[in-house]
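Here are the chains, one letter per residue:
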Amino acid sequence: MVGKLRYILILIGLLILFCAVWVAYNHTGLSLPWDREAPVSDDLLYVRLVFSDDASVDGYVKGLGIEAESQLYNGGSSCNYIYDKDGAVIGAFNYQRLLYILLLPEPAVD
């Protein structure tokens, strides 16, 4: 009888502890190491975008994946942006027609 009571008290204690951790995690902004997002970098990468019709465009992109500012449309197409060296948008491209992205060295400044 005492063994059963001890077992029940331990379970109730663990349940209370679990609830306290859950409340702290969800309501106080506590974050676990695996929940932290990678830092967002505003660095631009100089790339050559090669498309399925053998056309290519040199420009800057913010990353090699789909960007946060990009738009995804039903059916799988997407719209990402090409930037100039100052970070101004100069064009857009669709990943559906993109074959690959080639990282290029920065162009020489005159």
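As the structure is a prediction and not an experimental result, all values here were calculated from the model.

Parameters at a glance
- Throughout, a residue's number is its position along its own chain's written sequence, starting from 1.
- Side-chain atom pairs in this predicted model are given and counted only at pLDDT of 80 or more, local residue features only at pLDDT of at least 70, and totals for whole chains, interfaces and linings cover all residues.
- Processing note: side-chain calculations cover all non-hydrogen atoms of the structure and skip hydrogens and water entirely.
- Helix and strand labels come from DSSP, where a helix needs a run of H or I of at least four residues and a strand needs a run of E of at least two; each type is numbered from the N terminus.
- Three exposure classes are used, based on accessible area relative to the maximum for each residue type with a 1.4 Å probe and protein chains only: buried under 20%, partly exposed in between, and exposed over 50%.
- Here a residue-residue contact requires only that any non-hydrogen atoms of the pair lie within 4.5 Å.
- With residues, only the protein chains shown are counted as cover, and all accessible areas are computed by Shrake-Rupley using a 1.4 Å probe.
- Being paired, for any two strands, means DSSP has found at least two bridges between them.
- As used here, the term nonpolar core means buried Ala, Val, Leu, Ile, Met, Phe, Trp, Tyr and Cys residues forming a set that is joined through side-chain atoms within 4.5 Å.
- Here, a salt bridge means any Lys or Arg side-chain nitrogen found within 4 Å of an Asp or Glu carboxyl oxygen.

## Describing the overall build of the chain
For step 1, the next point in the chain: The number of helices and strands found in the chain is one helix and six strands.
For step 2, the next point in the chain: Along the chain, helices (α) and strands (β) appear in the sequence α-β-β-β-β-β-β when read from the amino end.
For step 3, the next point in the chain: Burial status across the chain gives 18% buried among its 110 residues.
For step 4, the next point in the chain: For the chain, the share of sequence-separated contacts (at least 6 apart) that also reach a separation of at least 24 residues comes to 38%.
For step 5, the next point in the chain: Of the roughly 8700 Å² of accessible surface on the chain, 62% is carried by carbon and sulfur atoms.

## Here we look at the pairing of strand 4 (residues 78-83)
For step 1, the next point in the chain: Counting buried residues in strand 4 gives five out of six residues, a clear majority hidden from the surface.
For step 2, the next point in the chain: Both strand 4 and strand 5 (residues 89-93) contribute to a ladder of four bridges, which runs antiparallel. Its bridge partner lying in strand 5, Tyr81 is registered against Ala92.
For step 3, the next point in the chain: Hairpin connection, strand 4 to strand 5: the antiparallel pair is bridged by five residues, and Gly87 has positive phi, about 95 degrees.

## Re unusual backbone geometry
For step 1, the next point in the chain: One non-glycine residue with positive phi stands out, namely Asp54, at about 70 degrees.
For step 2, the next point in the chain: Locating Asp54 in the fold gives a position in the loop between strand 1 (45-51) and strand 2 (56-61).
For step 3, the next point in the chain: For Asp54, a relative accessible area of 68% puts it in the exposed group.

## Looking at the nonpolar core
For step 1, the next point in the chain: Judged by nonpolar contacts, Val47, Leu49, Phe51, Val61, Ile82, Phe93 and Leu98 together constitute the single largest core of seven residues.
For step 2, the next point in the chain: If you tally residues by element for this core, the top one is strand 1, at three residues.
For step 3, the next point in the chain: Aside from chain neighbours lying at most four places away, what touches Phe51 is Val57, Phe93, Asn94, Arg97, Leu98 and Leu99.

## As for the pairing of strand 2
For step 1, the next point in the chain: Sheet analysis places strand 1 next to strand 2, joined by six bridges and oriented antiparallel. By the bridge assignment, Val47 is partnered in strand 2 with Gly59.
For step 2, the next point in the chain: Linking strand 1 back to strand 2 in an antiparallel pair, the connection comprises four residues, with Asp54 at a positive phi of about 70 degrees.

## Quick notes on the pattern of salt bridges
As a working rule, side chains carrying opposite charge can pair if their charged atoms are close by.
For step 1, the next point in the chain: On inspection of all chains with the given rule, the structure shows two salt bridges.
For step 2, the next point in the chain: Here Arg48 and Asp58 are joined by a salt bridge, their closest N and O atoms 2.8 Å apart. Placement of Arg48 in strand 1 and of Asp58 in strand 2 is noted, with a sequence separation of ten residues between them.
For step 3, the next point in the chain: Its salt-bridge partner being Asp53, residue Arg97 comes within 3.8 Å of it at the nearest N-O pair. Here the residue Arg97 occupies a position in the loop between strand 5 and strand 6 (98-103), and Asp53 occupies one in the loop between strand 1 and strand 2, the gap between them amounting to 44 residues.
For step 4, the next point in the chain: The exposure class of Arg97 is partly exposed, given its relative accessible area of 42%.
For step 5, the next point in the chain: A relative accessible area of 49% means that Asp53 is categorised as partly exposed.

No statement about biological role is implied by the geometric values presented.
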